[in-house]
Structure formats: C-alpha cells, structure tokens
Amino acid sequence: MDTENRVIVGISGASGAILASKMIDTLIDNDLSVSVVASGPSRMVWQQEMEESFGEAIERWSEHNKFEIFPIGDFTAPIASGSYPAKGMIIVPCSMGTVSAISAGLSDNLIRRAADVCLKEKRKLVIVPRESPLNAVHLDNLSNLAKIGVTILPSDPPYYLGIKTIEQSAEVLAQKSLVALGISEQLPEKMQYMGPTKK
Ligand SMILES: Cc1cc2nc3c(=O)[nH]c(=O)nc-3n(C[C@H](O)[C@H](O)[C@H](O)COP(=O)(O)O)c2cc1C
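1. A look at unusual backbone geometry
Here is step 1: In this structure, the amide linkage connecting Val92 to the following residue, Pro93, adopts the cis form with an omega of -10°.
Here is step 2: Among the secondary structure elements, Pro93 is positioned in strand β4 (residues 88–94).
Here is step 3: The amide bond that connects Ser132 to the next residue, Pro133, takes the cis arrangement and shows omega of -5°.
Here is step 4: Tracing the backbone shows Pro133 in the loop between β5 (124–129) and α6 (136–147).
Here is step 5: The backbone phi angle of Asp31 is positive, close to 60°, even though this residue is not glycine.

The structure is reproduced here in structure tokens:
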C-alpha cells in the first residue's frame, strides 16, 4: 500500500452523499490509498439521495487494491491510531453532530476518533459541513475547529465557473479537497477563475 498518500474519508449523516461518492471516485482515479468509514445515519442519507446503493459503491471501489473500509464502531481499525500513516482526513459531508463531537474531543465512533488522531498528529483535516441555516452553536464549533487548523470547506457550487449540474459541482469540490489535503498543488486549469468572461 502507498502509505504516504493515504487519505481517510469519513462519511457522516448529513445531506450530500454525492459529495462523498465523488470524493472517493476522485481519490481512486488519482491512485491514492483510501480508507473509508461511514456512520449509521450516513447510510440512511445515501439510500435517500443516491441511485447506486452504498453496497454497490463499495463493490466498485473495492476493485481498487488501495481501498479499504472499516465499520463505524471498530476502534481496533488501524486508522484509530496515529502510528498508521496517513496524509490526512476529509469528512464529507460533515453533519453538525460530528462537527460538535470533534470540536469537543469526543471520540465515540471511528470517524470522530480518526479525526482526533489527525489533530493530535498535526495532519491535514478537512471538513465539508452541511447544514442550512447555521445556528450560533454550529458556527462556534466550526470556528473552534478552524482555529486549530482544520480546513472548513463548504460545498457551495462554484458559481463563477458557470457549471450546470450538482455532479459538476461535486467534481470541483473533490478537486478543491485534493488541494486542501496537500495532494494537488492547484486546481485543474478549467476549474480556476480566469477573470470575467465574455457572454
Ligand atoms: C435524510 C437525512 C438528512 C440529514 N441531513 C443533515 C444535514 O444536512 N446536516 C446535519 O447536520 N444533519 C443532518 N441529518 C441528521 C444527522 O444524520 C443526525 O444528526 C445524526 O445524528 C448525525 O450523526 P453522524 O454525524 O454520526 O452521522 C440528516 C438526517 C437524515 C436522515
């Protein structure tokens, strides 16, 4: 396994399952090692929002020999330890429950523990929060995380690119996530803002 470029992907139970799906597809397309952990609520959301079932997606991703997935309650999984090398972690989409737990240092499931490990090991941690509107508790928790170096990466569509679909928006977010994780130096040229364009 390519240990240096392992990315841990936490999928929590917020809306936006397509964001997780596209993120994992993109990591695999880039031939990176991918360790996934999904919460119970995330499966409910996935079922509501996606045509491909989570099981089918796992089957497809498992064809990549650097893909692994762990149960949410498995604290014996290697990603629960700082001695297991990883470039960093992204939680996509990230529920306000998970934001709150990580902000409070509550490591009561494998997503939260792996995030806590990233923080203590000073590794990249990227959070794609999903809630609207945000209340003051959400904002305080996100602010606490930003202050300790977590990248808060909202999933807003990049309006300046003139994209037309949620799928395209998820693709741009995945590329932005690679930059935030320190895997890519910059966005692909077609996703960069190049100034005003003529209609
Ligand atoms: C269909 C569905 C959509 C949800 N969307 C959100 C959301 O966008 N943001 C959020 O914070 N919670 C959302 N929730 C609630 C979370 O799933 C719930 O708070 C859960 O406890 C989060 O746990 P987890 O972070 O461990 O996955 C949603 C739940 C369901 C069933």
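And the narrative resumes.
2. Describing the sheet that holds strand β1 (residues 6–11)
Whenever strands of a sheet pair, they do so through backbone hydrogen bonds, lying parallel or antiparallel.
Here is step 1: Across the sheet, 6 strands lie side by side as β3-β2-β1-β4-β5-β6; this open sheet has parallel pairing. Edge positions in the open sheet fall to β3 (67–70) and β6 (151–152), since each of these has one partner strand only.
Here is step 2: Note that β1 and strand β2 (residues 33–38) share 6 bridges and pair parallel. Bridge pairing in β2 links Ile8 to Ser35.
Here is step 3: Packed onto the sheet, helix α5 (residues 110–120) meets β1, β2, β3, β4 and β5 and runs at close to 140° relative to β4.
Here is step 4: Helix-sheet contacts for helix α7 (residues 166–180) involve β4, β5 and β6, and the interaxial angle to β5 is about 155°.

The rules behind these values
Residues numbered from 1 in each chain as written. Predicted model: local features only at pLDDT ≥ 70, side-chain atom pairs only at ≥ 80, totals over all residues. Heavy atoms only, no water. Helix = DSSP H or I, 4+ residues; strand = E, 2+ residues; numbered from the N terminus. Pairing = 2+ DSSP bridges. Contact = heavy atoms within 4.5 Å. Axes fitted to C-alpha atoms, helices over the stretch in contact; angles between N-to-C directions.

Structural measurements only, silent on function.
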